[in-house]
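Examining the three-dimensional arrangement
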Amino acid sequence: MAEREILPFGDPVLRKKAKPVEQLTPKMLRILDDLVDTLYAEDGRAGLAAPQIGVLRRMVVMDCGEGLVELINPVILESSGEQTGPEACLSYPGYAGIVKRADYVKVKTLTRTGESVVIEGHGYLARCIQHEIDHLDGVLFIDRIVDGQFYDELTKQKADLLRVLKLTQK
């Protein structure tokens, strides 16, 4: 188990679609453990997807305040409602934006033991789930920003979204 480097915006891997995990081999479980170690390496981190550490597999780890959640090959089965609020990303350190998401999601996923389970999320957890699953499809939160509302987290000053988008084109 080890902390991994998080790929920054502009890295082309972030725009690629991750492949399903075919078997939960020791190698896949080590990657999942590395994701957990990387997530918890610094306080305040809510979620991390495998592509963010350069691994194009459909795996996510999250802790949105209620403990660790691991998603392997997650599929959103249902979503409803709407929420609009601030979002940030470990691949875009120092920046945030206002994003519209569903307020509720139901997700089918595998556990690290290979068991198929259904997880439901409301509010912040639903937002985290959608954000991380987007990473698995090469979609970044900046693609979903409402009305260009992208800003520097420290100064709260509006940032140049167009410049950032040019660095991260598909």
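Residues numbered from 1 in each chain as written. Predicted model: local features only at pLDDT ≥ 70, side-chain atom pairs only at ≥ 80, totals over all residues. Heavy atoms only, no water.

Quick notes on the packing of aromatic side chains
Within this structure, the stated rule accounts for four aromatic pairs. Between Y92 and F141 the ring centres are 5.4 Å apart and the planes differ by 85°, which places this aromatic pair in the edge-to-face class. Of this pair, Y92 sits in the loop between β4 (83-88) and β5 (95-101) while F141 sits in the loop between α2 (123-136) and β8 (145-152), and the two are 49 residues apart along the sequence. Classification of Y92 by relative accessible area gives buried; the value is 0%. Its relative accessible area of 2% is what places F141 among the buried residues. Taken together, the ring pairs connect F9, Y92, Y95, F141 and F150 into an aromatic cluster. (Phe/Tyr/Trp six-rings, centres within 6.5 Å; stacked < 30°, edge-to-face > 60°. Helix = DSSP H or I, 4+ residues; strand = E, 2+ residues; numbered from the N terminus. Buried < 20%, exposed > 50% of the residue type's maximum accessible area, 1.4 Å probe, protein only.)

Considerations on the state of the cysteines
Applying the stated criterion to the full structure yields zero disulfides. With no disulfide of its own, C89 lies closest to C128 among cysteine sulfurs, the gap being 11 Å. (Disulfide = S-S within 2.5 Å.)

Thoughts on the environment of D33
Assignment of secondary structure puts D33 in helix α1 (residues 26-39). Relative accessible area serves as the criterion here: at 18%, D33 is assigned to the buried category. Once the C-alpha coordinates of D33 and T84 are considered, the two residues, 51 residues apart in sequence, prove to be 32 Å apart. Separated by 2.8 Å, the side chains of D33 and R112 make a polar contact. (Polar contact = N/O pair within 3.5 Å; in protein donor to acceptor, adjacent residues only side chain to side chain.)

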